[in-house]
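Structural description and commentary
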Amino acid sequence: MTKVYGTGVYDFKRHRVAEYPVESKPKPNSNNSSFPSSITLVEIQRDRLTKIAEENWLSKSDSDDSKKKKGFSEELVKEIYETELLVKGGRKTVPLQRVMILEVSQYLENYLWPNFDPVESTFEHVMSMILMINEKFRENVAAWICFYDRKDMFRAFLERVLRLKEGRSLSIAEKTNYLLFMINAFQSLEDEVVSKQIMKVASLHCWHSLSYGRFQIELSLNPDLIKKWKKIAKRVKGATKRGETIDISAMLEVKFLRNLIEEFLEVLDSKVFHSEQHGDEVDGFVDANGFGQVNDASILYCERFMEFLIDLLSQLPTRRFFRPLVADVAVVAKCHLSALYRHEKGKLFAQLVDLLQYYEGFEIDDRLGRQMTDDEVLQSHYDRVQSFQLLAFKKIPKLRELALANIGAIHRRSDLSKKLSVLSPQELRDLVCSKLKLVSKNDPWSERVDFLIEVMVSFFEKQQSQKEAINALPLYPNEQIMWDESLVPSINYSGEGCLALPKLNLQFLTLHDYLLRNFNLFRLESTYEIREDIQESVPHLLSYINNEGETAFRGWSRMAVPIKEFKITSVKQPNIGEVKPSSVTAEVTFSISSYKAQIRSEWNALKEHDVLFLLSIRPSFEPLSSDEADKSSVPQRLGLQFVRGCEVIEMRDEDGTLMNDFTGRIKRDEWKPPKGELRTVTVALDTAQYHMDVSDIAEKGAEDVYNTFNILMRRKPKENNFKAILESIRDLMNETCIVPDWLHDIFLGYGNPSAAQWTNMPDLLETVDFKDTLLDADHVVKSFPDYQVCFINPDGTECLQPRPPFRIKLPRNLKGNAHALPGNDKATVASNGGDVTTADASSEKEKLIVESYIPPDPGPYPQDQPKQNSVRFTPTQIGAITSGIQPGLTMVVGPPGTGKTDTAVQILNVLYHNCPSQRTLIITHSNQALNDLFEKIMQRDVPARYLLRLGQGEQELATDLDFSRQGRVNAMLVRRLELLSEVERLARSLQLPEDVAYTCETAGYFWLLHVYSRWEQFLAACEKNQDKPTFVRDRFPFKEFFINTPRPILTGLSFEKDMRAAMGCFRHLKTMFQELEECRAFELLKSTVDRANYLMTKQAKIVAMTCTHAALKRKDFLQLGFKYDNLLMEESAQILEIETFIPMLLQRQEDGYARLKRCILIGDHHQLPPVVKNMAFQKYSHMDQSLFTRFVRLGIPYIELNAQGRARPSLAKLYNWRYRDLGDLPYVKENPVFHKANAGFSYDYQLVNVPDYHGRGESAPSPWFYQNEGEAEYIVSVYMYMRLLGYPANKISILTTYNGQKLLIRDVINRRCIPYDFIGPPHKVATVDKFQGQQNDFILLSLVRTRFVGHLRDVRRLVVAMSRARLGLYVFCRRSLFEQCYELQPTFQLLLQRPDRLALNLNEVSSITDRHVNDTGPIQLVGDTEEMANIVNVKMHQAVDGLYQVPFFVL
């Protein structure tokens, strides 16, 4: 049976590959490569480190084996560390170039790790390993993979790392690198080897380092921990009795985190500012300029430490015991009072401290891991303040006023500080340290009054709730957020520093935490995209100051237009309990006179809910000099003052006529084209932002933003849906718990990973009708190899000639589905009973009862016959289908070409027939995938009237039927008329009046009174006359109606056969009247909108949409009462986590329970993840991690499809190493197409080495815009060669890994191919990323890079690139670069088994050949780009000369 896999060491590897950092000041002659100082491959090869690597550890495939490597030397490691890896001063912690060269040369894998000894290895050796691991994390490649061969030694390495600081002082850079390693380790808790060792330091043992007072408080709050604590004490006592001495305070687990925090506080206090003044003269820190130079390295260390603390507090396993430690040392209070917090260079540090404070006070019960409600949070705050007031009343007379005050008068920061100021320093210290025990008396900071007041205030003040904070937040970004580099970093983020951003890792504290992190990241990612659009649009306007001193514009921009007039038209009263207005509307007038027709139509197409941006541009009077421009920020260069977002309510033309009305106010026949060139848009402004702006004007005398707008900017509709998604997330945060109970814990990353697997769920389908899934008895036996299959008849007797369809009684513990296999185990059988012989195993097989039944006759007409599946599903696919139709979570990993879509469609088909009353929602990432899925569903036995396709993509469906809402409504109305005419014919055949077919209602009465009653009478008569073979033929009441069937239905030869046929005829009638009953609602509802909504919410059984459409329309779905029981998500490894989550919640809860019963996720985490444009959100926050990938990392069981039917088996070997046991379907082994060679080529796949062309390899006209002219020319020559042989253009696609190369190849094609009709363009020229999910017969692939491998180091990109071709794949690249890349070895070793020069068979002159794929024929090796161009030129001349004599050209 199907193997179900869980996570494991070889299963999930970190993949997000970093690009290389841009130097802030590139050398004048550099060509802007994104590697510092544009180092070339030749320079790397000549580099000292490369030479050392070649002599000591670098293994080259073509190197002379007789060259012996030198033995290991700790001296060499020390020398490399001290001369190449140590940093003296500055903000950088490592010399990035040197670290990168060492990491690429496999310094860790081939030298440091094999020679590591936990006792003998030096400090430099361990630090070098730490640096290499950190670099792997920075580049987001698998960091721990090389350690799996020696797990015990790896544990010893981690132990050594944890003790590395003992008896040694580290430099600030070394401390930062060490801290970064700890951050990376705590981010890898899914890795068992790492987590076991690293979690020890965040265990209950660390409470030994708490102050006595804090310790008492924590134990009283956590009574269940008292037992555990006593056990620890008992163990220590027992050891003492045995004569062993255990010093608890010296244990690593006890002091490690406390020591780290104290070390940080020391750096924060005395190392951040170079100064002779230290110690307690902290008040002088207010003016930091008086303290000399700022130490950038120390600031980076402090920022990284904040990141470390935030990471530990934002994961429940580490938070539980660590939070009391942070509170005991009062880290947040000390950071608030530090000079760095208020210094201009401490802006990022301050943001991180605020984030730490938020997580320290997070609204969660640490003990139970449960989200606290708003009421519980408020109640605990009141209880805390009340108990303090009681204490003050009893023990502190000076605080009598505070003790008697109401809570509203003392829970604000200012009020509380004022009330506490009456105490003397000694009294205050006694209160905080002795009575309340908030900090220890031994803490040196406890002498400071400001610190004590800060601790008191932060403990007793009322915190703003998450809900309030989110609801008060503007959804549109403003200019302050847009250009804040610590929140929205620029594109050249290199991964060296940290950011004030939340991270999406494995686990979340609560659903609120999950939504909040996603809300913030999604908001900032959309902010980044809006910022890019502004920077693109505004410069084209050419703003200047005219003679009147006002801003004017010389230029024009497609997406931005000057505003003629802006006025706020209404500001409505706030809702009860709020301070912001309930709505703010404004009118914006602009002219489209300067635009051509195409762009005018784009502006005229603005519709309700479109988002626009109001900009205030005020350029400087004098143009900025080049020096000023370099130093100035982007807003200063653009003259940008303010940015505010708004949403379109309506748009009117010059005459005030409404345009683009979707409310039904204007009827279609009354619509007229817009008049004039002026347009007035009524917009809704963001009320939260408006309230903040107005408050600033009133309180701070700020400028009135709303009088300054002079530009209106729009964005492309497809990229402008962020507001609806943010609103959906915010609405979810304001709702109570919404995820089904069976999914809740798994979703947050806790509990048993297989808890939601179908075998652990209640309400299973005990017997499943597989319908047309299983094609014959042999198919059944092969699909359940772990069982002895027993076929029975419906009456329970043995079936000797079983035929489909089959019903199967599924045992709850179905073998192969019972539990997750660890990632490094191939099967469970070997571990369970390796000594059992095959014969014994087969004799002990459990029985699987399979019932073969004859389906009822569907009806006499051809259209009554059900559509049949013809796909012979593999046992693994059957396992996926079985799991998918049962309740719970099903995860299917579908490698390229393994029939993911067919499997998904069959799940839907079987689910529809087994649970006809349930509704299923289908979600995909792209319209293309949704349409593929939909087209296949239509070929199954699911009636078209139950299918509905929402969103913009239904126009692209390759079908005559319209599956949009409007199309389905029209189809139902047409079908109603067809059915009523059939009812009319039936009435005639029964010699009854025809007016019974006037409406669906009258037809319903006709069914009951005349049709069903006649059938019942007929059945009663048949009971008594079963011995008469002609009885059915003679007495069947509807014989006249069925006279038009293709062949006679009642023969009179056999009572049984005729009775079966009669039943089929009655079934046809029953279905007809059932359809009429379904059409009745469309008869009663008169408006198109009502009909469409009824169809969506009641009629359709399978509703399909993209994840974007689901997020955009969530509010509408909730209002309409949309319901569904099952969710199937295709391409789920390509969908952002939050866009996967929202489709689970498109319906309201029923009686406090979520209705969702099944969640089926189908995807492939070994292919490319969701697209996140900003590298910082991708690399630092892991925003590109899909929910599917996170579930795989968490070890949730999944089924991996294991037979591909797309590519030749030889091509599949290039990527199937990435999967467990991916084989080939019989189709690709047997079909003659896969056995024939590619005409004109000696091999079916090849790596083609492309040397420098005109003396250069890669170039980068601008950062990340990589091009390689040699590869572009070569690849186009090969394409022309294929076209001249007669290969169809639509069978060839050209792929590349960079956009710059894609555009260059298109230019070359336009120059060399388009002028000749018999060549023309290929099917597609695209990037690998964009081509994911597509395929073609022949792929020509350009890898572009010649200096550094770049983002192809992401193995997922390699898998996509290698798996697009069916018959031929030709990879053009620089061999010497890619053959050395550690991550890509399995593929490139295969590629390099063949010549690295293109091997052609010039004897073949057409695209048809009988040569076998393994027969190379005569080989001609092509030397370089020019030689290939010459071969093509010769063929071109021949083709042009004999154009009309050549039969195989596609003209």
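Shown above is the structure to which this text applies.
Residues numbered from 1 in each chain as written. Predicted model: local features only at pLDDT ≥ 70, side-chain atom pairs only at ≥ 80, totals over all residues. Heavy atoms only, no water.

**So, the overall build of the protein**
A tally of helices and strands in the protein yields 56 helices and 34 strands. Here the protein holds 1451 residues, and 57% of them are scored as buried. When the accessible surface of the protein is totalled, it reaches about 62,600 Å², and 51% of it is carbon and sulfur. (Helix = DSSP H or I, 4+ residues; strand = E, 2+ residues; numbered from the N terminus. Buried < 20%, exposed > 50% of the residue type's maximum accessible area, 1.4 Å probe, protein only. Areas by Shrake-Rupley, 256 points an atom, 1.4 Å probe, with all protein chains shown as cover.)

**Quick notes on the sheet that holds strand 31 (residues 1336–1342)**
With respect to topology, five strands assemble into an open sheet ordered 26-32-31-29-30, the strand pairing being parallel. Where the open sheet ends on each side, the last strands, each with one partner, are strand 26 (1245–1249) and strand 30 (1324–1327). The mean angle between the axes of side-by-side strands here comes to 20°, regardless of whether they run parallel or antiparallel. As judged from the five bridges shared by strand 29 (residues 1292–1296) and strand 31, these two strands associate in the parallel manner. Within strand 31, the position partnered with Thr1296 by the bridge is Ser1342. Along the sheet, helix 52 (residues 1299–1312) contacts strand 29, strand 30 and strand 31; its crossing angle with strand 30, the most-contacted strand, is approximately 165°. (Pairing = 2+ DSSP bridges. Axes fitted to C-alpha atoms, helices over the stretch in contact; angles between N-to-C directions. Contact = heavy atoms within 4.5 Å.)

**Observations regarding the sheet that holds strand 13 (residues 767–769)**
In space, the four strands of this open sheet follow the order 13-15-16-14, with mixed pairing throughout. Strands at the two margins of the open sheet, each flanked by one partner only, are strand 13 and strand 14 (787–792). Neighbour-to-neighbour, the strand axes of the sheet open up by a mean angle of 25°, direction not taken into account. Across six bridges, the pairing between strand 14 and strand 16 (residues 846–852) is parallel. From the neighbouring strand, Phe791 faces strand 16, where its bridge partner is Val850.

**Looking at the packing of aromatic side chains**
Counted under the stated rule, the structure contains 67 aromatic pairs. Considering the side-chain rings of Phe147 and Phe157, the 6.0 Å spacing of their centres and the 15° angle between planes classify their relative orientation as stacked. Of this pair, Phe147 sits in the loop between helix 6 (123–138) and helix 7 (151–162) while Phe157 is found in helix 7, placing the two residues 10 residues apart along the sequence. A centroid spacing of 4.9 Å and a plane angle of 90° characterise the contact between Phe508 and Tyr514, whose relative ring orientation is edge-to-face. Of the residues examined, Phe508 reaches a relative accessible area of 1% and is grouped as buried. (Phe/Tyr/Trp six-rings, centres within 6.5 Å; stacked < 30°, edge-to-face > 60°.)

**Brief notes about the nonpolar core**
Counting residues in each nonpolar core, the largest one holds 304 residues, and the members touching the most others are Phe157, Phe264, Met306, Phe308, Ile534, Leu889 and Phe1141. The greatest single-element share of this core, amounting to 12 residues, is contributed by helix 42 (residues 1055–1084). Residue contacts for Phe264: discarding those within four places in its chain leaves Tyr301, Cys302, Phe305, Met306, Val331, Cys335 and Phe349. Leu1284, Ile1294, Cys1313 and Leu1400 belong to the second-largest nonpolar core, a separate cluster that totals 42 residues. (Core = buried A, V, L, I, M, F, W, Y, C linked by side-chain atoms within 4.5 Å.)

**Describing a nonpolar patch on the surface**
Residues Tyr1005, Leu1008 and Leu1009 make up a contiguous nonpolar surface patch of roughly 350 Å² in combined accessible area. Secondary-structure assignment places Leu1008 in helix 40 (residues 1000–1024). Residue classification places Leu1008 among the exposed positions, given a relative accessible area of 56%. (Patch = residues over 30% accessible without salt bridge, like charges linked within 9 Å, V, L, I, M, F, W, Y side chains within 5 Å. Salt bridge = Lys/Arg side-chain N within 4 Å of Asp/Glu carboxyl O.)

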